[in-house]
Amino acid sequence: MTSILTNIASSKSFGGWIKRYKHHSTSLNCDMVFAIYLPPQAETHTVPVLWWLSGLTCTDENFMQKAGAQRMAAELGIAIICPDTSPRGLSLPGEHDTYDFGSGAGFYLNATQAPWDKHYRMYDYLTLELPELIKAHFPVNGRESISGHSMGGHGALVLALRQPGRYASVSAFAPIANPGNCPWGQKAFSGYLGEDRNTWQQYDACALIGSGVSSQELLVDQGDADEFLAPQLGADALQAACAKAGQPLLYRTRSGYDHGYFFIASFIDDHLQYHAKYLYPTGAHH
């Protein structure tokens, strides 16, 4: 049975529509909101999808409002789906105490530790539940790519690496690429998954790359003025893991750019065009 979707906002943009929907999630045991941009092509035929996973503290709204992606998505005929970054409306102990754990910080995993395991199952939500909903309610053609920023870049890499062949392409902006070896990841993984570091490997892009599960090219953009680059993001570890495993990596250092949305807005068109090559391999969108 598919969940009932309630449209809570609609705005026309570049001939298409940005829409926000609320629904009850069975995997997260709470009500959730997501946003979708439907390009003008969706009025007449089915279109491919780009999943965008956001970073710490974000909701579905940050990317839609700040990235400026709609013009190029309309031109290319790509729908963009922005889920939230964690379950909402709960009051678990300590859930709202810090920005990097709990609310707004779901890390796109399935928690195994109480009390998080009853709700913090973003991996299942994004790989099973939400895609089924999208397929049931929107004119999508089954081709999908994935991208994200920071914690969401971590999510995009992990979802793609764990499901080889599912996404036509994958990209990330300043991803948390080696969460098992940085403060953000260690805090989240300890809380959600427990202290056995072996269980962390399934959600660590560097560990997944090292296990050789995927040979898909990874596109990563990273600003060299990013204040989180050294302490949190694991860019060196990502490049080393890819080199060692023979994993194709298109890694681009962007001079002078920081961790924020001005960086994303500067290069989002480039990422959308990259994904379009894979989502429309015959160039059919023109």
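To keep things clear, this report deals only with the structure shown in the data block. (Residues numbered from 1 in each chain as written. Predicted model: local features only at pLDDT ≥ 70, side-chain atom pairs only at ≥ 80, totals over all residues. Heavy atoms only, no water.)

## Section: the packing of aromatic side chains
Stage number 1. For the structure shown, the criterion picks out 19 aromatic pairs.
Stage number 2. On the basis of an interplanar angle of 80° and a centroid distance of 5.9 Å, the ring pair of Trp116 and Tyr192 is categorised as edge-to-face. Placement of Trp116 in the loop between β5 (79-82) and α3 (122-137) and of Tyr192 in helix α5 (residues 183-193) is noted, with a sequence separation of 76 residues between them.
Stage number 3. Using a relative accessible area of 7% as the deciding quantity, one classes Trp116 as buried.
Stage number 4. Ring plane angle 20° and centroid distance 5.4 Å describe the contact between Tyr120 and Tyr192, whose orientation is recorded as stacked. (Phe/Tyr/Trp six-rings, centres within 6.5 Å; stacked < 30°, edge-to-face > 60°. Helix = DSSP H or I, 4+ residues; strand = E, 2+ residues; numbered from the N terminus. Buried < 20%, exposed > 50% of the residue type's maximum accessible area, 1.4 Å probe, protein only.)

## A few points about the side chain of Gln232
Stage number 1. Residue placement: Gln232 occurs in helix α7 (residues 229-233).
Stage number 2. Reaching out from Gln232, the side chain makes a polar contact with the backbone nitrogen of Trp184 at a distance of 3.0 Å.
Stage number 3. Setting aside residues up to four positions removed in sequence, Gln232 forms contacts with Ile176, Cys182, Pro183 and Trp184. (Polar contact = N/O pair within 3.5 Å; in protein donor to acceptor, adjacent residues only side chain to side chain. Contact = heavy atoms within 4.5 Å.)

## Notes on the nonpolar core
Stage number 1. By size, the foremost hydrophobic cluster in this structure holds 93 residues, and its most contacted members are Phe63, Phe107 and Tyr192.
Stage number 2. The biggest single contributor to this core is helix α9 (residues 261-279), with 8 residues.
Stage number 3. When near neighbours in sequence (up to four residues on either side) are disregarded, Tyr192 contacts Phe101, Gly102, Ala105, Gly106, Phe107, Leu109, Ala111, Thr112, Gln113, Trp116 and Tyr120. (Core = buried A, V, L, I, M, F, W, Y, C linked by side-chain atoms within 4.5 Å.)

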